[in-house]
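Inside the fold
What follows is the residue order along each chain.
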Amino acid sequence: MIPRLEQSNMMNALMTKSWRIGTFAGIPVKIHWSFLLMFVGAWVLSYLGSGDWKIALWYSLLIIAIFTCVVLHEYGHALTARKYGVETRDIILSPIGGIARLESLPEKPIQEFFVAIAGPLVNVGICFVLVPYLLYFAWDEVMDIWRLISTGRYSLEPSGMNAYFFPIIFWLNISLAAFNLLPAFPMDGGRILRSLLSLKIGRLRATQIAAYIGQGLAICLIIWGLYEEGGFMTSVIGVFVFIMASQEYRMVRFESILAKHTGRDVLRPQFTRILPEDQISRATNLKKIGVERNFLVFDELDGEVIGVLHEPTLLEVMKKEEFNNLAKDYMSPLFENILVTENLKDIFNKMQSNGYSILPVFDEGQLIGIVDTTTINEFVSLQNSLKK
Ligand SMILES: [Zn+2]
């Protein structure tokens, strides 16, 4: 799965705790606590159930093999993205599947196509590697599992579990490829569909159509999940897919508006200069009356911008009523500025990836105003309503 960075940040916040289990090819691999729980749970249950540590070991190895296949799938995305100069922040094994958090998504349709399809291709590749072995040694077991999947009324022979190991891995990879190829965001199939449509009808329209198809599919998943016994998780995934589809379209429309403008269009020439020795109440009082929400802090002597007061920090100050403290105690450092001629989309990306809510704008070396995320959001919604 390749969610947008903003979405994956949000998902990550929801998922709270994940641990780094290692770094491969320069990309940290993290695991959500629920997976560890599942791992320990499978071990304990299989040991308690059988009293045989070998069976418990078998289950543990199976789970490790499943993890590995999911991680390899995500590396398929990450390493293909690297070919196009896009780095991956991390790979997370989450309860809703593997997630590769790409720093950005390649916008050239053909690049997005290859990045998206690389994941499922890894699983197909694993299947191809397994096939010769399975044909010789375990084809009956492969068919047993197929009977179990297709009828749901077939049980595997417990005494011969060892023989089912690779057949299970085989079917797992087929289902990983198939599930991810569903044409809905943020699944790979959604991105593949969008990239192919983009070649013909442009990215915005392509996203809209791909989002509609994804939402239709999501509704099917929800209904099917409610109807099917034990299909609760399917419905949850359906809801998730539905929300993600509309978010994807909204973000792409947002970006397409940004791309047509520059810093000049959202520039605010009037703004308050906060000094490090000012009481923080100077900023919170201005925030209360509304227009300014984020502030730049200036050096008293040379007048250079040295830091930022972000809105969430000011909210904390207001909650704790720490109005007499000094601005410098709440300031975060600032290492970025923008030119008035810069494309608005680049400006927005700069702000997103570094977590800035306000930036100083320069024209020929002179500070001429500020841009903040609130202004950008309002500008875009104004453009939207003017179009309607
Ligand atoms: Zn994927």
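A brief report on the enclosed structure follows. (Residues numbered from 1 in each chain as written. Predicted model: local features only at pLDDT ≥ 70, side-chain atom pairs only at ≥ 80, totals over all residues.)

1. What to know about the sheet that holds strand β6 (residues 295–298)
Ordered by their spatial adjacency, four strands build an open sheet running β5-β6-β7-β8, and the pairing between neighbours is mixed. Looking at the sheet topology across the chains shown, the edges are occupied by β5 (273–274) and β8 (332–333). Two strands pair when backbone bridges link them, and β6 and strand β7 (residues 305–309) are joined in this way by four bridges, in the antiparallel orientation. Looking across to β7, one finds that L296 is bridged to V308. (Pairing = 2+ DSSP bridges. Helix = DSSP H or I, 4+ residues; strand = E, 2+ residues; numbered from the N terminus.)

2. Quick word on helix α12 (residues 344–354)
Among all positions in α12, only L344, I347 and F348 are buried. Buried positions in α12, seen along its axis, are confined to an arc of 95° and lie on one side of it. Against α9 (232–258), β9 (338–339), β11 (366–372) and α13 (373–387) lie the buried residues of α12. Positive phi shows up at G355, right after α12, with a value of about 70°. (Buried ≥ 20, exposed ≤ 12 C-beta atoms within 10 Å, placed from the backbone. Arc of directions from axis to C-beta. Contact = placed C-beta atoms within 7 Å.)

3. As for the nonpolar core
I91, A184, F185, A218, V241 and A245 are the most contacted members of the largest nonpolar core, which totals 45 residues. Two domains each put at least three residues into this core: domain 1 (1–181) and domain 2 (182–258). When near neighbours in sequence (up to four residues on either side) are disregarded, A245 contacts A184, F185, A211, G214, Q215 and A218. A283, M331, I347 and V361 belong to the second-largest nonpolar core, a separate cluster that totals 26 residues. (Core = buried A, V, L, I, M, F, W, Y, C linked by C-beta atoms within 7 Å. Domains from an automatic or database assignment.)

4. Some words on unusual backbone geometry
Here the residue pair F185 and P186 is connected by a cis peptide bond, since its omega of 0° sits within 30 degrees of zero. For P186, the location among the structural elements is in the loop between α6 (161–180) and α7 (188–201). A positive phi angle is found at E321, which is not glycine, with a value near 55°.

5. Here's the deal with the sheet that holds strand β3 (residues 88–94)
Ordered in space as β1-β2-β3-β4, the four strands form an open sheet in which the pairing is mixed. What marks the edges here is a single partner per strand, and that holds for β1 (18–24) and β4 (97–102). Strand-to-strand, the axes of this sheet are offset by a mean angle of 20°, without reference to chain direction. (Axes fitted to C-alpha atoms, helices over the stretch in contact; angles between N-to-C directions.)

6. Points about the environment of A184
By secondary structure assignment, the location of A184 is in the loop between α6 and α7. Exposure remark for A184: the 28 C-beta atoms within 10 Å place this residue in the buried category. The spacing of A184 and G216 is 32 residues in sequence and 8.9 Å in space, taken between C-alpha atoms.

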